[in-house]
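# Chains, contacts and geometry: an overview
Take a look at the letters that make up each chain.
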2 protein chains.
Amino acid sequence: MVSFKDACATIEKHILQIPLDIEEVKLQDALERTIAEDVYTTHPYPLFRNSTMDGIAVKYSGNITSWKVVGQEAAGEYVDVPYEDENSAVSIMTGAKLPDWADTVIPIEDIDAAQDMVMLKTSALYKPQMNIREPGSDRAAGDFVLARGTYLAPRHFHLLASCGCTWVKVYKKLKVGILATGNELLPVSAIPEGDKIIITNSSFLAAAVNSCNLEYVDFGIAKDDLTSLRNLITKILSSDINVLLTTGGVSAGLFDFLPKVFAECGVDVQFHKINIKPGKPTFFGIHNAAGKAKPVIGLPGNPVSASVNFEMLLRPAFARRYNVPLRRSFTAQFKGTLQKNDGKRYFGRARLLPDAGKTIVVPLASQKSGNFFEYADAECLFVMEEGRRELIDGDVVECIRI
Amino acid sequence: MVSFKDACATIEKHILQIPLDIEEVKLQDALERTIAEDVYTTHPYPLFRNSTMDGIAVKYSGNITSWKVVGQEAAGEYVDVPYEDENSAVSIMTGAKLPDWADTVIPIEDIDAAQDMVMLKTSALYKPQMNIREPGSDRAAGDFVLARGTYLAPRHFHLLASCGCTWVKVYKKLKVGILATGNELLPVSAIPEGDKIIITNSSFLAAAVNSCNLEYVDFGIAKDDLTSLRNLITKILSSDINVLLTTGGVSAGLFDFLPKVFAECGVDVQFHKINIKPGKPTFFGIHNAAGKAKPVIGLPGNPVSASVNFEMLLRPAFARRYNVPLRRSFTAQFKGTLQKNDGKRYFGRARLLPDAGKTIVVPLASQKSGNFFEYADAECLFVMEEGRRELIDGDVVECIRI
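First, a word on what this report is: a plain description of the structure on this page.

Parameters at a glance
- Residues numbered from 1 in each chain as written.
- Chains lettered and ligands numbered in written order.
- Predicted model: local features only at pLDDT ≥ 70, side-chain atom pairs only at ≥ 80, totals over all residues.
- Heavy atoms only, no water.
- Helix = DSSP H or I, 4+ residues; strand = E, 2+ residues; numbered from the N terminus.
- Rg over C-alpha atoms; globule rule 2.2 N^0.38 Å.
- Buried < 20%, exposed > 50% of the residue type's maximum accessible area, 1.4 Å probe, protein only.
- Contact = heavy atoms within 4.5 Å.
- Lys, Arg positive; Asp, Glu negative; His and termini not counted.
- Charge placed at Lys NZ, Arg CZ, Asp CG, Glu CD.
- Least-squares fit on C-alpha atoms with pLDDT ≥ 70 in both.
- Axes fitted to C-alpha atoms, helices over the stretch in contact; angles between N-to-C directions.
- Parallel < 35°, antiparallel > 145°, perpendicular 65-115°, else oblique.
- Left-handed = near helix turned anticlockwise from the far one by under 90°.
- Nonpolar A, V, L, I, M, F, W, Y, C, P; charged D, E, K, R; others polar.
- Pairing = 2+ DSSP bridges.
- Phe/Tyr/Trp six-rings, centres within 6.5 Å; stacked < 30°, edge-to-face > 60°.
- Lys NZ or Arg CZ within 6 Å of the ring centre and 35° of its normal.
- Expected span 1.5 Å × (residues − 1).
- Bend = angle between axes of the 7 residues up to and from the residue.
- Disulfide = S-S within 2.5 Å.
- Salt bridge = Lys/Arg side-chain N within 4 Å of Asp/Glu carboxyl O.
- Buried area = accessible area lost by both parts, 1.4 Å probe.
- Polar contact = N/O pair within 3.5 Å; in protein donor to acceptor, adjacent residues only side chain to side chain.

## Here we look at the overall build of chain A
Of the regular secondary structure elements, chain A holds 7 helices and 28 strands. Taking 2.2 N^0.38 as the reference for a compact globule, 402 residues should give roughly 21 Å; the C-alpha atoms of chain A span a radius of gyration of 32 Å, well beyond that estimate. If you line up chain A on its principal axes, its C-alpha atoms span 100 × 55 × 40 Å. Split into buried and exposed, the 402 residues of chain A put 54% on the buried side. Taking all contacts inside chain A whose residues are at least 6 apart in sequence as the whole, residues at least 24 apart take part in 70%. Computed over 44 positive and 48 negative side-chain charges, the separation of the two mean positions in chain A equals 9 Å.

Below is the structure:
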């Protein structure tokens, strides 16, 4: 049995070692993907000297405070207005290119107009070079502006568009296989009867994998039969998946065949059983074949156990692989009392109550690892560390949003 | 000019009034959608009396501490093992149905086996009814378990699967039209030259709309021409979009035709100009036709202004419409000094430095509303309120992750 910390480190190490392929996607499909190329500017920013304001452009002279408008510059409609004398001004719009001779822009709010003359308001600030963006003042041509490995949020899309990235190289999504095991399992479409139950882990894992921006392949439900499990898992491991997640078959029951089957299929066990609750029976191994190392994670069959394992062990590793910021940890004040009588790290399910600037975390009534109704209601997990035996009102606990 | 608070309230009011259509999607496509139906259980949970542990099932008797194993119950493989006497036990797996006569499960860790007998360890706890899940103990048949309007996270998928939701009714994504205006604009595929620039707002808005789980329709780039703008916007407003976002053309320039065009197209202005920086020129109106009220938001052309407006005015309203939790506000300690000389609410761009349990917010060097390179680098916005004229080292400021 390994500690939670060691289990996390081992899983993360192996997930980080999976090589990521690169694919090109259209700019509009690059949101929430991780860019696989450095981005450089293709030209200076701005490309040309332009106005930051709507107003008039003039050649600065400290003595002159009224001008004759001799032309007009609209954004995208540059005309070469000739310089007449120091009283010349052009009406200019935000973003419009300045005539070569103009060096200062006065905002429209700071001038009064009378006939064809404009006059500086006495209250107005008037300084040379003001309200002008010089070519290359934001970035020069060829500047490095975005690093390979950045997880793309909306805020990056101006930059990508302006650098002409109609297509963007991004890291491909890892393909995660999902296999449920258990003779008691029925597909979601079935009506449960007798001693059978609907499989819910596969639907949870599909959603969880998608929410990590990865792809899943659902391999359905396998029976607890040694030979057929061995054949199926051999076939699955030789497919193009990068990671295999199974549920069930890793605990202490007579038909918990998976650790044995994994070994027979050439999976090198890294650990089996973690000092946590729920989720203790979890198996982790590596299948090496054809130069590829595929992590194999045998999750428990209990729905809450499988979910907590995914959130605590797998999501952080996948997020790290793709540089996805995970902002879900926080501390809160515990409400109620809770005891445990072992040295496992406990992940409870809870709801949150805002309370005058503090956050209160309230454990759900049922902490049973089979009760997925309560799990659906949980806003977060809270942590009761290995060495802790009791939580009481007001204790500060670590929480993880789910 | 309206206050920021009033602008938010007005936009939110109108976004919340847009009726949402309902569509059915497959369970695996329902992640991050908002469910449009209440969910009830179809059967009791558990459906049958079963074991929570791997071990033996017995009929409790205080005096008996050793048993003869007379049968086996595997999950999903119920066999009717007849009761022999009070020394009878069946080997039982987690999740397996119990024989009618058995009322107590002893975990495998708490028994010793010798020949065909099993004995209770002296250290073991032994109580009647232990380690058994009774039918309906989690939920009864027909129980209400998930409310219409819930935004679906992975944690809801066990419940959905177990209730047989192979298809899920969800609220349709609003369709948001995006139109860029300006004679200076070139598409992303063009090479900028002369006084032209690449349009970046449309790519930002497409990503931003997608990140709100909405659909967009990109109507491209329109010239600053009254007649053609009027025709185009009339056409766009008669299409099946629910909301129109435009960029450019709402400021004080001679060719900022949009407010006039909107009025001519029958858009009732709700406000024009907000007491904020950046993003002051923003227009908001409602187009009523064929019984539909379509919000029309004229965003400024400056990339940072358009982005800040989206984040501060539109994202919260869309999130509220779909019950998406937005957890992006926090407070941090300001580092540096910043002055302003007006009463606008200022949204600065900044990066974050963790520092011994505190978060430090450091404004980016350039706070220019045209510099989208700095905007891409920003991790958050920070707020300098209307009445505040200065921020200094250590001031606590409100921040919003972007």
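Next comes the rest of the account.
## Observations regarding the relation of the copies chain A and chain B
Expressed as a screw transformation, the operator carrying chain A onto chain B has a rotation angle of 180° and an axial translation of 0.0 Å, and the superposed copies differ by an RMSD of 0.1 Å. Interpreted geometrically, this transformation is the action of a two-fold axis. Considering only C-alpha atoms, the part of chain A nearest the rotation axis is R327 of chain A, at 4.7 Å. Interface overlap between copies: 100% of the residues of chain A at the interface are likewise at the interface in chain B, consistent with a symmetric, same-surface contact.

## Notes on the packing of helix α3 (residues 201–211) of chain B against helix α6 (residues 303–322) of chain B
Two measures define how a pair of helices packs: the angle their axes make with one another and the distance between the axes. Residues and elements named next belong to chain B. Relative to each other, α3 and α6 sit at 20°, their axes nearing to 10 Å. One element, α3, and the other, α6, form an angle in the roughly parallel class. With respect to the hand of their crossing, α3 and α6 are arranged in right-handed fashion. Listed contacts from α6 to N201, F204, L205, A208, V209 and S211 of α3 are P303, A306, S307, F310, E311 and R315. Its residues placed into classes, the contact of α3 with α6 shows 7 nonpolar, 3 polar and 2 charged.

## Re the sheet that holds strand β16 (residues 215–222) of chain A
Residue and element names in this part refer to chain A. Reading across the sheet, the 6 strands line up as β16-β13-β17-β21-β20-β18 and stay open at both edges, with mixed pairing between neighbours. The strands lining the two open edges of the sheet, one partner per strand, are β16 and β18 (267–272). In this sheet, adjacent strand axes meet at a mean angle of 20° when their direction is disregarded. Bridge analysis of strand β13 (residues 175–181) against strand β17 (residues 243–247) gives 5 bridges, and the strand direction is parallel. Across the sheet, V176 pairs through a bridge with V243, a residue of β17. Together, β17, β18, β20 (283–289) and β21 (292–299) form the strand contacts of helix α1 (residues 4–16), whose direction differs from that of β18 by roughly 150°. Set on the sheet, helix α4 (residues 226–237) makes contact with β13, β16, β17, β18, β20 and β21; between it and β13 the angle comes to about 170°.

## Comments concerning the sheet that holds strand β4 (residues 55–58) of chain B
Residues and elements named next belong to chain B. Spatially, β7-β4-β6-β5-β9-β8 is the arrangement adopted by the 6 strands of the open sheet, whose pairing is mixed. The open sheet has two edge strands, β7 (104–107) and β8 (111–114), and neither has a second partner. Neighbour-to-neighbour, the strand axes of this sheet turn through a mean angle of 40°, independent of strand direction. Pairing of strand β5 (residues 66–73) with strand β9 (residues 117–120), which is carried by 3 bridges, proceeds in the antiparallel orientation. Directly across from K68, in β9, lies its bridge partner M117.

## Observations regarding the packing of aromatic side chains
Scanning the model with the defined rule gives 32 aromatic pairs over all chains in all. Considering the side-chain rings of F255 of chain A and F257 of chain A, the 6.0 Å spacing of their centres and the 85° angle between planes classify their relative orientation as edge-to-face. Among the aromatic side chains, those forming a connected cluster through ring pairs are F204, F310, F318 and Y375 of chain A. Its end group placed over the ring of F330 of chain A, R401 of chain A keeps NZ or CZ at 5.0 Å from the ring centre. A cation over an aromatic ring shows up here: K97 of chain B above the ring of Y78 of chain B, its NZ or CZ 4.7 Å from the ring centre.

## Topic: α6 of chain B
All names here are of chain B. The terminal C-alpha atoms of α6 lie 27 Å apart, and with 20 residues this matches the ideal 28 Å at 1.5 Å per residue to within 8%. At L314, α6 shows its largest kink, close to 40°, and the proline P316 lies no more than four residues downstream. The buried fraction of α6 is high, at 17 of 20 residues. Two residues or fewer past α6, N323 is found with a positive phi of approximately 60°.

## Concerning the packing of helix α1 (residues 4–17) of chain B against α6 of chain B
Residues and elements named next belong to chain B. The interhelical angle for the contact between α1 and α6, taken along N-to-C directions, is 35°, at an axis separation of 9 Å. Regarding α1 and α6, the two cross each other, and that crossing is right-handed. On α6, the residues that touch F4, A7, C8, I11, E12, I15 and L16 of α1 are M312, L313, L314, P316, A317, F318, R320 and R321. Tallied by class, the residues present in the contact of α1 with α6 amount to 12 nonpolar, no polar and 3 charged.

## Let's talk about the environment of V217 of chain B
Residues and elements named next belong to chain B. If you trace the backbone, V217 turns up in strand β16 (residues 215–222). Each C-alpha atom of the pair V217 and A124 lies 66 Å from the other, and the pair is 93 residues apart in sequence. If we skip the residues at most four places from it in the chain, V217 touches K175, V176, G177, I178 and I241.

## Comments concerning the state of the cysteines
Residues and elements named next belong to chain A. Applying the stated criterion across every chain yields a total of 0 disulfides over all chains. Not engaged in a disulfide, the cysteine C163 finds its nearest cysteine sulfur in C165; these two sulfurs lie 5.6 Å apart. Looking at C163, the relative accessible area reads 8%, which means it is buried.

## Some details on the side chain of E73 of chain A
All names here are of chain A. With respect to the element layout, E73 can be found in strand β5 (residues 66–73). Salt bridges are absent for the buried E73, whose nearest opposite-charge side chain, K97, sits at 8.6 Å. With residues up to four places along the chain from it excluded, the contact list for E73 reads Y78, V79, V81, V90, S91, I92, M93, A96, K97 and P99.

## Quick notes on the interface of chain A and chain B
Contacts between chain A and chain B engage 80 residues on the former and 80 residues on the latter. Contact between chain A and chain B buries roughly 6500 Å² in total, counting both sides, with carbon and sulfur atoms accounting for 63%. It is R155, H158 and F373 of chain A that lose the most area in chain A upon contact with chain B, and together they represent 14% of the buried surface on that side. Summed over the shared surface of chain A and chain B, the number is 2 salt bridges. Linking E374 of chain B and R139 of chain A is a salt bridge whose minimum nitrogen-to-oxygen distance equals 3.7 Å. Summed over the shared surface of chain A and chain B, the number is 21 residue pairs in polar contact (both at pLDDT 80 or more). Those elements that place two or more of their residues in the side of chain A that touches chain B are α2 (157–162), β15 (197–198), α3 (201–211), α6 (303–322) and α7 (372–377) of chain A. It is α3 of chain A that contributes the most residues to the side of chain A that touches chain B, 7 residues altogether. Partitioning the side of chain A that touches chain B into residue classes produces 35 nonpolar, 25 polar and 20 charged.

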